[in-house]
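Here is what each chain is made of, one letter per residue.
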Amino acid sequence: MKCEMARDNVILAYYGELPDELASTLEQHLMTCEECRAELSALEGIEPQLATLPVAEPTPNLLAQSRMRLDDALDAIPPHGFFTRLRANFFLWVGHLRSAPALATLLIGVGFIGGNFLNRYEVAKQPQPQPASTSSVPAQSVVASVTGIDRTPDSEMVQVHYNRIVPETIEGSLDSKEIRDLLMKATTSPTDGIRANSVQLLASECKAGHECAARDDGKGVRGALLVSLRYDKDPGVRLKALEGLESYIGQDRRVRDAVLESLAHDPDAQVRMAAVSLLTPVQHDSSVRQVLRTVSTQDENPYIRTVSYNTLQGSDSIQ
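In this text the structure is predicted, and so the values were computed from the model without any measurement.

A.B. asks: Got a minute to help me understand a nonpolar patch on the surface in this structure?
C.D. replies: Together, V143, V146, I149, V158 and V160 give the surface a local cluster of nonpolar side chains, amounting to about 440 Å² of exposed area. Among the elements of the structure, strand 1 (142-151) and strand 2 (158-165) are those that each provide at least two residues to the nonpolar patch. By residue number, the principal contributor to the nonpolar patch is strand 1, which donates three residues. Looking at the element boundaries, V146 is found in strand 1.

A.B. asks: Any chance you could explain the state of the cysteines here in plain terms?
C.D. replies: By definition, a disulfide is the covalent link that joins the sulfur atoms of two cysteine residues. For the coordinates displayed, the defined rule picks out one disulfide. Covalently, C206 is tied to C212 through a disulfide, its sulfur atoms 1.8 Å apart. Between C206 and C212, the disulfide has an S-S torsion of 70 degrees and is therefore right-handed. The two residues C206 and C212 agree in class, both being buried. Here C36 stays unpaired: no disulfide links it, and the sulfur of C33, its closest cysteine neighbor, is 3.5 Å away. Take C36: its relative accessible area is 0%, and that puts it in the buried class.

A.B. asks: Whenever I open this one, helix 9 (residues 220-231) confuses me. Can you help?
C.D. replies: At 3.6 residues per turn, the α-helix brings residues three or four places apart onto the same side. For helix 9, built from 12 residues, the straight-helix expectation of 16 Å at 1.5 Å per residue is met to within 8% by its first-to-last C-alpha distance of 16 Å. Among the 12 residues in helix 9, nine count as buried, and that is most of the element. Turning to helix 9, its buried residues are G220, V221, R222, G223, A224, L225, L226, S228 and L229. Against helix 7 (177-186), helix 8 (192-207), helix 10 (235-245) and helix 11 (253-265) lie the buried residues of helix 9.

A.B. asks: Before we go on, may I ask you to explain the nonpolar core in this structure?
C.D. replies: Burial of nonpolar side chains together is a common tendency in soluble globular proteins. If you look at the biggest cluster of nonpolar residues, it comprises 37 residues, and the most contacted ones within it are L225, L229, I249, V255, V259, L263 and L279. Taken together, the elements giving at least two residues each to this core come down to helix 7, helix 8, helix 9, helix 10, helix 11, helix 12 (269-279), helix 13 (286-298) and helix 14 (302-318). Looking at which element gives the most residues to this core, the answer is helix 12, with six residues. Residue contacts for L229: discarding those within four places in its chain leaves R238, A241, L242, L245, A258, V259 and S262. Counting residues in hydrophobic clusters, the runner-up holds nine residues, among them L18, L30, C33 and L43.

A.B. asks: Help me understand the pairing of strand 2 in this model?
C.D. replies: Side chains on a regular strand alternate between the two faces of the sheet. Bridge count between strand 1 and strand 2: eight bridges; the pairing is antiparallel. In the sheet register, S145 faces strand 2, and the bridge partner there is N163. Taken together, strand 1 and the strand that follows it, strand 2, pair antiparallel across an intervening segment of six residues, in which D154 is found at a positive phi of about 55 degrees.

Cut-off values and rules
Residues numbered from 1 in each chain as written. Predicted model: local features only at pLDDT ≥ 70, side-chain atom pairs only at ≥ 80, totals over all residues. Heavy atoms only, no water. Patch = residues over 30% accessible without salt bridge, like charges linked within 9 Å, V, L, I, M, F, W, Y side chains within 5 Å. Areas by Shrake-Rupley, 256 points an atom, 1.4 Å probe, with all protein chains shown as cover. Salt bridge = Lys/Arg side-chain N within 4 Å of Asp/Glu carboxyl O. Helix = DSSP H or I, 4+ residues; strand = E, 2+ residues; numbered from the N terminus. Disulfide = S-S within 2.5 Å. Buried < 20%, exposed > 50% of the residue type's maximum accessible area, 1.4 Å probe, protein only. Expected span 1.5 Å × (residues − 1). Contact = heavy atoms within 4.5 Å. Core = buried A, V, L, I, M, F, W, Y, C linked by side-chain atoms within 4.5 Å. Pairing = 2+ DSSP bridges.

Keep in mind these values describe shape, not function.
Right under this line is the structure:
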């Protein structure tokens, strides 16, 4: 409810003439609007002041004389346009009305009833709040994010904008870029089985020499396998990543460093054992020999210590 309407309704509410449909709305408005509350307080303070003033009733002679003088004055005025005559007749009608209190009371009552009826009619015609409706989301889709919320002013209607994820299926060859991109995306899936399958397929592509070239930005299939080797929590996935990187340990320094890191720090013994086997072709490298020496004396698994020592001895004999 706006302040202009509230001020009009304050007067009706003070005299107990405000319809029930608007009373609650006015009360809510007064709770939040200081100016309208002040308007109500001022209205409540007027009546005690008026009650202290004496009531002066005009005498019948005064009313009759005033009416006659007004009639004479109006007759002396030359004719004017329509609006001028309408205004003059209005004041003349008011004069007659004041001389007939009973008629005035009747007209006021009729006006009040008509105004009350009109007010109720307008309230009934006001748009009623509609129940909230939501766009149906297919059962197979998932809400990804809410992008915006809009509320219609002075109503209970709300619009919620959102994005949703709808499952789709694609079929194609492993040589397809779309398939490879999806497989690389799957290497970070929270589901162990999906990560294992994707890494296994990518590893098979690398072993076959298909689209597994090194990239400066560290991305691509080889980069995805390196990330899985270093960070995947499933040792089975890390083993599959090692298999896919085996062909590149001699030519790619990043692959060699990742395998050395697995040998030195991977918590799974099978992964460390597989890393030792992969390092055999590059056992003459100084960084490889350094890690092998450390593992041969410090690894908690005696078998890995023995294999590392034997590999190190083989590199020393080559030297």
